[in-house]
Amino acid sequence: MKKEQLEELRDKCNNCLKCELGKTRNNIVFSDGNPESAKAILIGEAPGENEDKTGTPFVGRAGKLLNEFLEKAGISRAEELYIINTVKCRPPQNRVPTDEEKALCSEFLLKQIEIVNPKLIIFCGATALKSFYPKKTPISKIRGEVLELEIGEKTRKCIPIFHPSYLLRYHSLEEGSPRYLMLKDLEKIKSML
């Protein structure tokens, strides 16, 4: 049932040209994961070059690092997560999507959340967090916290985590390092699924 609803939504998204991003994309980057078994939705920022080519989110260097951390935490990307972005098309030069672009794409994002109806939403990075969280709080101060937010017509449990592209700059796994904190956050998420 969910898959059919999402396929209809994907078709609609494929034909969307509401903003300039639709005119420069190669592919929409709609989602990854199994909507029937996913217990959490992971929301990233926007598709990058590799994602635009393949139509799949988180497949570049940051995606490979995300996969490593998910595996270490015991989270199955294919079965426990449904992965989406704040926008479905790549912004030129991988820039951050504008508020207007996110607003125009929000109908797809909110409908995906409604259809999948996850136990938990994971905001992967500051852009995803800012799309739903009204306070100007740095992700470094709020990552790992469980937030209760109104999303669509429901109050949902949400957790912000670092974006894996941020972690590409840090290699240490020692206690307190960004990579250490990311693993701890993902282990907490696993315990909630």
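Every chain's residues receive numbers from 1 upward, in the order its sequence appears when written. Side-chain atom pairs in this predicted model are given and counted only at pLDDT of 80 or more, local residue features only at pLDDT of at least 70, and totals for whole chains, interfaces and linings cover all residues. Each side-chain value is derived from all of the structure's non-hydrogen atoms; neither hydrogens nor water enter the calculation.

**Student:** Help me out: how do you make sense of the packing of aromatic side chains in this one?
**Tutor:** Two aromatic rings are characterised by how far apart their centres lie and by the angle between their planes. Any two of the Phe, Tyr and Trp rings considered here, Trp counted by its six-membered ring, make a pair once their centres fall within 6.5 Å; the pair's planes then place it as stacked at under 30 degrees, edge-to-face at over 60, or tilted in between. A complete count under the given rule lists three aromatic pairs for this structure. Here the aromatic rings of Phe162 and Tyr166 are separated by 4.9 Å at their centres, their planes lie at 40°, and the arrangement is tilted. Assessed through its relative accessible area of 5%, Phe162 is described here as buried. Classification of Tyr166 as partly exposed rests on a relative accessible area of 25%. Ring pairing ties together the aromatic residues Phe162, Tyr166 and Tyr170, which thus form one cluster. The ring of Phe69 carries Lys72 above its face, with NZ or CZ at 5.2 Å from the centroid. Only when the NZ of Lys or the CZ of Arg is both within 6 Å of the ring centre and within 35 degrees of the ring normal is a charge said to sit over the ring. In this arrangement the basic side chain of Lys88 is found over the ring face of Phe30, its NZ or CZ atom lying 5.8 Å from the centre. Remark: exposure states derive from per-residue accessible area (1.4 Å probe, protein chains only) relative to the maximum for the residue type, with buried under 20%, exposed over 50%, and partly exposed in between.

**Student:** Looking at this structure, I do not really get a negative patch on the surface. What am I missing?
**Tutor:** Surface patches are drawn from residues lacking salt bridges whose relative accessible area is over 30%; two like charges belong together within 9 Å, two nonpolar side chains (Val, Leu, Ile, Met, Phe, Trp, Tyr) within 5 Å. Method for areas: the Shrake-Rupley scheme with a 1.4 Å probe, in which residue coverage is limited to the protein chains shown. Every case where a carboxyl oxygen of Asp or Glu lies within 4 Å of a side-chain nitrogen of Lys or Arg is listed as a salt bridge. Asp and Glu count as negative and Lys and Arg as positive, but His and the ends of the chain are not part of the count. Every charge is mapped to an atom, namely NZ of Lys, CZ of Arg, CG of Asp or CD of Glu. A grouping of Glu4, Glu8, Asp11 and Glu36 is seen on the molecular surface, where their side chains present a negatively charged patch. Secondary structure elements are taken from DSSP: a helix is a run of H or I of four residues or more, a strand is a run of E of two residues or more, and numbering for both begins at the N terminus. Locating Glu36 in the fold gives a position in the loop between strand S1 (32-33) and strand S2 (40-44). Of the residues examined, Glu36 reaches a relative accessible area of 39% and is grouped as partly exposed.

**Student:** Help me understand the pattern of salt bridges, please; the structure alone is not making it clear to me.
**Tutor:** One side chain can pair with another of opposite charge once the charged atoms of both are near each other. All chains considered together, the criterion is met by 13 salt bridges. The partner of Arg77 in a salt bridge is Asp32, and the shortest N-O contact between them spans 2.9 Å. Taken together, the positions of Arg77 in helix H5 (residues 77-80) and Asp32 in strand S1 put the pair 45 residues apart, joining distant regions of the chain. Residue classification places Arg77 among the buried residues on the basis of a relative accessible area of 13%. The exposure class assigned to Asp32 is partly exposed, which follows from its relative accessible area of 24%. Across the pair Glu80 and Lys190 runs a salt bridge whose closest N-O atoms are separated by 3.0 Å. One end of the pair, Glu80, is in helix H5; the other, Lys190, is in helix H10 (residues 178-192), and 110 residues separate them in sequence. Here Glu80 falls in the buried class, since its relative accessible area comes to 10%. For Lys190, a relative accessible area of 30% puts it in the partly exposed group. A single salt-bridge network, built from bridges that share partners, covers Lys12, Lys18 and Glu107.

**Student:** Looking at this structure, I do not really get the pairing of strand S6 (residues 154-161). What am I missing?
**Tutor:** When a strand is regular, its side chains alternate between the sheet's two faces. Here, any two strands with at least 2 DSSP bridges between them count as paired. For strand S4 (residues 120-124) and S6, the ladder comprises four bridges, and the chain directions are parallel. Along S6, the bridge assignment pairs Cys124 with Ile161. Examined bridge by bridge, strand S5 (residues 147-151) and S6 share five bridges and lie antiparallel to one another. Opposite Glu148, over in S6, you have Lys157 as the bridge partner. Linking S5 back to S6 in an antiparallel pair, the connection comprises two residues, with Gly152 at a positive phi of about 70°.

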